[in-house]
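The primary structure of each chain is shown beneath.
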Amino acid sequence: MSELSVNHLLGIKYLQPEDIQLIFETADHFKEVINRPIKKVPSLRDITIANIFFENSTRTKLSFELAQKRLSADVISFSAAQSSVKKGETLIDTVNNILAMKVDMVVMRHSYAGAAEFLSQHVKASIINAGDGAHEHPTQGLLDSYSIREKLGDVAGKKVVIVGDILHSRVALSNIYALQMLGAEVKVCGPKTLIPKYVESLGVQVEPDLKKALQWCDVANMLRVQNERMEVNYFPSTREYAQRYGLDKTLLDSLEKEIVIMHPGPINRGVEITSEVADSAHSVILDQVENGVAVRMAVIYLLASKLQ
Ligand code: CP
């Protein structure tokens, strides 16, 4: 396979396993590029990309911008908080005005599930979903699987537990799709109130006991508790959550094996994971961030090669 089967990256569920393999092989090349003294390639000199973020971001926004600059694309970035969206302009009007400036590709984060797909049906540009509500965050799913492949040699056959706030997490869904497509076994663990009922229909087992889940897995992906998406209390207190579902060094040391610790960030230190664990040799959290640039370079490069 030499090109992607899709013209947009809206979610992992729209990809084929071969698409993911192609993205990973392309990311391997770009990872080597970004570790050279000269980190830039001229691949996308004639491409203009707009990053439009209607929700806050640190890692994803900076990682996309860096990936685009490393590929020599022209980049414009737009934050809804400082834009005419605040004066009532619609999403399609906003994007069509940006496209009138001859933009080829749009990277968008939005609080509504399906916003990226909606945009792809209404505007003439390649769309990359940088997170749509609690739906998907496909580049995060890709960079997480890429980081497992890098650390453990392969994703196929590995056991991965995703811990915490599955209900509000776009990272969880994209990880589940990507990991299963690549042949990993996936369990989720967390308070019953934060595990969506549909999760078992995706072929994912629920393990309510964190210690049992950690003893089973090769990789634990500790998700952030998304307080900003919670309108009611899903657990009695942050302290109780940390006691039952937080990972600390005592729990890690009590396991009879070594496991890989992941977190998509931003971390609530002392809630889902302690600083001692986040900063330990078991953690690949900063490798995930580094790999995010290479994976996003690969996605942008492969989608740009499909532009007419
Ligand atoms: N992992 C992630 O999406 O982080 P940001 O919200 O900082 O982009």
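These numbers come from a predicted model, not from an experiment.

Talk me through the domain arrangement of the protein; I want residue IDs and the actual numbers.
Looking at the protein, the domain boundaries give domain 1 (12-136 + 289-304) and domain 2 (138-284). Each of domain 1 and domain 2 has a C-alpha centre, and these two points are 25 Å apart. Carbon and sulfur atoms supply 62% of the area that domain 1 and domain 2 bury against each other, a total of about 2,400 Å² over both sides. The salt bridge partner of Lys31 is Glu150, with a shortest N-O separation of 2.6 Å. The tally of links from domain 1 across to domain 2 stands at nine residue pairs in polar contact (both at pLDDT 80 or more). For the side of domain 1 that touches domain 2, the secondary structure elements donating two or more residues are helix H1 (17-34), helix H2 (59-70), strand E3 (105-110), strand E4 (126-132) and helix H11 (285-304). A per-class count over the side of domain 1 that touches domain 2 returns 12 nonpolar, nine polar and nine charged.

Describe the packing of aromatic side chains, listing the residues and the values that go with them.
Inspection of every chain in the model, using the stated rule, returns four aromatic pairs. Taking 5.3 Å as the distance between ring centres and 75° as the angle between the ring planes, the aromatic pair formed by Phe24 and Tyr146 counts as edge-to-face. Here Phe24 is found in helix H1, whereas its partner Tyr146 is found in helix H5 (residues 138-152), with 122 residues between them in sequence. Taken individually, Phe24 and Tyr146 each receive the classification buried, so the pair is uniform in this respect. Sitting above the plane of the Phe64 ring, Arg296 keeps its charged end 5.0 Å from the centroid.

Summarise the site of the ligand; cite the residues concerned and give the values.
Taken together, Ser57, Thr58, Arg59, Thr60, Arg109, His137, Gln140, Pro264 and Gly265 make up the full set of residues near the ligand. In the environment of the ligand, an oxygen atom lies 2.6 Å from a nitrogen or oxygen atom belonging to the side chain of Ser57. In this structure, an oxygen atom belonging to the ligand sits 2.9 Å away from a side-chain N or O atom of Arg59. Calculation on the ligand without its partners gives an accessible area of 250 Å², and the protein chains cover 91% of this total.

If you had to explain the environment of Ile98 to someone new, which residues and values would you point to?
Within the element layout of this structure, Ile98 appears in helix H3 (residues 91-99). For Ile98 and Ala50, which are 48 residues apart along the polypeptide, the C-alpha to C-alpha distance reads 7.6 Å. Beyond its immediate chain neighbours, meaning those up to four positions away, Ile98 contacts Ala50, Ile52, Ile76, Phe78 and Val103.

Explain the sheet that holds strand E5 (residues 159-163) to me, using residue names and the numbers behind them.
Ordered in space as E7-E6-E5-E8-E9, the five strands form an open sheet in which the pairing is parallel. Bordering the open sheet on either side are strand E7 (205-206) and strand E9 (260-262), each of which pairs with just one other strand. For E5 and strand E8 (residues 219-222), the ladder comprises four bridges, and the chain directions are parallel. Looking at the pairing, Val163 lines up with Met222 of E8.

Explain the pattern of salt bridges residue by residue, including any values.
According to the stated counting rule, one finds eight salt bridges in the structure shown. The salt bridge involving Glu290 is made with Lys31; its shortest N-O contact spans 3.8 Å. Residue Glu290 is located in helix H11, and its partner Lys31 is located in helix H1; the two are separated by 259 residues in the primary sequence. With relative accessibility at 31%, the residue Glu290 sits in the partly exposed group. Because the salt bridges share partners, they merge into one network encompassing Lys31, Glu150 and Glu290.

Please give an account of H5 that cites residues and values.
Given a rise of 1.5 Å per residue, 15 residues ought to cover 21 Å, and the 21 Å separating the end C-alpha atoms of H5 matches this to within 8%. Every buried residue of H5 is listed here: Pro138, Thr139, Gln140, Gly141, Leu142, Leu143, Asp144, Ser145, Tyr146, Ser147 and Ile148. Downstream of H5 by a residue or two, Gly153 has a phi angle that is positive, lying close to 90°.

Describe the state of the cysteines, with residues and values.
Evaluation of the coordinates by the stated rule reveals zero disulfides. For Cys189, which is in no disulfide, the shortest distance to another cysteine sulfur is to Cys217 and amounts to 9.7 Å. Using a relative accessible area of 0% as the deciding quantity, one classes Cys189 as buried. A relative accessible area of 0% means that Cys217 is categorised as buried.

Just give me the short version of H2, but keep the residues and values in it.
Between its first and last C-alpha atoms H2 spans 16 Å; for 12 residues at 1.5 Å apiece the expected length is 16 Å, and the two agree. Taken together, the buried positions of H2 are Thr60, Ser63, Phe64, Glu65, Ala67 and Gln68. On its buried side, H2 packs onto strand E1 (48-53), strand E2 (74-79), E3, E4, H5 and H11. Downstream of H2 by one or two residues, Ser72 has phi in the positive range, about 70°.

Can you lay out the sheet that holds E3 for me, pointing to particular residues and giving the numbers?
Read across the sheet, four strands follow the order E2-E1-E3-E4 without closing on themselves; strand pairing throughout is parallel. Two strands bound the open sheet, and with one partner strand each, they are E2 and E4. Across the sheet, the axes of successive neighbouring strands diverge by a mean angle of 15°, strand direction being ignored.

About the cut-offs
- Residues numbered from 1 in each chain as written.
- Predicted model: local features only at pLDDT ≥ 70, side-chain atom pairs only at ≥ 80, totals over all residues.
- Heavy atoms only, no water.
- Domains from an automatic or database assignment.
- Buried area = accessible area lost by both parts, 1.4 Å probe.
- Salt bridge = Lys/Arg side-chain N within 4 Å of Asp/Glu carboxyl O.
- Polar contact = N/O pair within 3.5 Å; in protein donor to acceptor, adjacent residues only side chain to side chain.
- Helix = DSSP H or I, 4+ residues; strand = E, 2+ residues; numbered from the N terminus.
- Nonpolar A, V, L, I, M, F, W, Y, C, P; charged D, E, K, R; others polar.
- Phe/Tyr/Trp six-rings, centres within 6.5 Å; stacked < 30°, edge-to-face > 60°.
- Buried < 20%, exposed > 50% of the residue type's maximum accessible area, 1.4 Å probe, protein only.
- Lys NZ or Arg CZ within 6 Å of the ring centre and 35° of its normal.
- Near = heavy atom within 4 Å.
- Areas by Shrake-Rupley, 256 points an atom, 1.4 Å probe, with all protein chains shown as cover.
- Contact = heavy atoms within 4.5 Å.
- Pairing = 2+ DSSP bridges.
- Expected span 1.5 Å × (residues − 1).
- Disulfide = S-S within 2.5 Å.
- Axes fitted to C-alpha atoms, helices over the stretch in contact; angles between N-to-C directions.

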